[in-house]
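Commentary on secondary and tertiary structure
Residues per chain, in single letters:
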Amino acid sequence: MRRPLRWLWLSLLVVVLDLGSKALASNLLIYGQPVELLPVFDLTLLYNTGAAFSFLATSGGWQRWLFALLAVGASVGLSIWLTRLKRGEVLLAGSLALIIGGALGNLYDRLVRGYVVDFLSFHWSNSYYFPAFNLADTAITLGAIGLIIETLRDARRPRA
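Because the structure is predicted, anything quoted here is derived from the model rather than measured.

Parameters and conventions
Residues numbered from 1 in each chain as written. Predicted model: local features only at pLDDT ≥ 70, side-chain atom pairs only at ≥ 80, totals over all residues. Heavy atoms only, no water. Axes fitted to C-alpha atoms, helices over the stretch in contact; angles between N-to-C directions. Helix = DSSP H or I, 4+ residues; strand = E, 2+ residues; numbered from the N terminus. Left-handed = near helix turned anticlockwise from the far one by under 90°. Contact = heavy atoms within 4.5 Å. Nonpolar A, V, L, I, M, F, W, Y, C, P; charged D, E, K, R; others polar. Pairing = 2+ DSSP bridges. Buried < 20%, exposed > 50% of the residue type's maximum accessible area, 1.4 Å probe, protein only. Patch = residues over 30% accessible without salt bridge, like charges linked within 9 Å, V, L, I, M, F, W, Y side chains within 5 Å. Areas by Shrake-Rupley, 256 points an atom, 1.4 Å probe, with all protein chains shown as cover. Salt bridge = Lys/Arg side-chain N within 4 Å of Asp/Glu carboxyl O. Polar contact = N/O pair within 3.5 Å; in protein donor to acceptor, adjacent residues only side chain to side chain. Lys, Arg positive; Asp, Glu negative; His and termini not counted.

**Looking at the packing of helix α1 (residues 8–28) against helix α3 (residues 90–112)**
At a minimum axis distance of 8 Å, the contact between α1 and α3 shows a crossing angle of 35 degrees. Seen along the crossing, α1 lies across α3 with a hand that is right-handed. Each of Leu8, Leu10, Ser11, Val14, Val15, Asp18, Leu19 and Lys22 in α1 lies in contact with α3, whose residues at this interface are Gly94, Ala97, Leu98, Ile100, Gly101, Gly102, Leu104, Gly105, Asn106, Tyr108 and Asp109. Residue composition of the contact of α1 with α3, by class: ten nonpolar, six polar and three charged.

Below you can see the structure in the form of structure tokens.
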């Protein structure tokens, strides 16, 4: 692929949108008080010191540095992978860029705030709540879905 690092513009866009949306949520929302937008969707400001689904959130603080180190390692590794892509691997390049941007957006929160700002909250009939998340988490999820699709598509291609 010619100039594969050009895909990092997508990573930068994810970081800017993520940090901007977290700043807005932090300034406009009151911690823990939902603002209902739809019967199944609220904006609720929450702080997550753990990983996905608050994994290790109550572990005393060491997890902040572990998750920061993982984010740095993943971003470096995925950037190297990005440089090795072949021409036409557009879905793979976009997926890697989304994951890098999401990892860096949440890394910023961990290093600067000590927690990740979450504010998107889906629920069903006010009894079942999906864990709150943010735009960085969304980018990581979309990137992972793209990687899965690319893997399945690659598995169906005939081998030379």
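**Details of the pairing of strand β1 (residues 35–38)**
Where β1 lies against strand β2 (residues 41–48), three bridges are found, and the strand directions are antiparallel. Residue pairing in the sheet places Val35 in a bridge with Leu43 of β2. What sits between β1 and β2 in their antiparallel hairpin is a turn of two residues.

**Focus: the pairing of strand β3 (residues 116–124)**
Of all nine residues in β3, seven are buried; the element is thus mostly enclosed. The pairing of β3 with strand β4 (residues 128–129) spans two bridges and is classified as antiparallel. Pairing of His123 across the sheet is with Tyr129, part of β4. Counting the residues between successive antiparallel strands, the hairpin from β3 to β4 contains three residues, one of them, Ser125, with a positive phi of roughly 45 degrees.

**Quick notes on the sheet that holds β3**
Read across the open sheet, the four strands follow the order β1-β2-β3-β4; overall the sheet is antiparallel. A single partner strand is all that each edge strand has here, and the edge strands are β1 and β4. Contacts from α1 reach β2 and β3, with the element oriented near 80 degrees to β3.

**Some thoughts on a nonpolar patch on the surface**
Taken together, Trp9, Leu13, Leu17 and Leu135 make up a surface patch of nonpolar side chains, about 380 Å² in accessible area. The element contributing the most residues to the nonpolar patch is α1, with three residues. With respect to the element layout, Leu135 can be found in helix α4 (residues 135–156). Judged by relative accessible area, Leu135 falls into the partly exposed class, the value being 33%.

**Details of the environment of Arg153**
Note on placement: Arg153 falls in helix α4. At 2.8 Å, the side chain of Arg153 forms a polar contact with the side chain of Glu150.

**Comments concerning the environment of Leu98**
Note on placement: Leu98 falls in helix α3. Residue class for Leu98 comes out buried when judged on its relative accessible area of 18%. Residues Leu98 and Val15, spaced 83 residues apart in sequence, show a C-alpha to C-alpha distance of 9.4 Å. When neighbours within four sequence positions are excluded, Leu98 is seen to be in contact with Leu10, Val14, Ala139, Ile140, Leu142 and Gly143.

**Comments concerning the side chain of Asp118**
One can find Asp118 in strand β3. Buried charge Asp118 goes without a salt bridge, the closest partner of opposite sign being Lys22 at 6.4 Å. Beyond its immediate stretch of four places on either side in the chain, Asp118 contacts Thr44, Leu45, Leu46, Asn48, Ala132, Phe133, Asn134 and Asp137.

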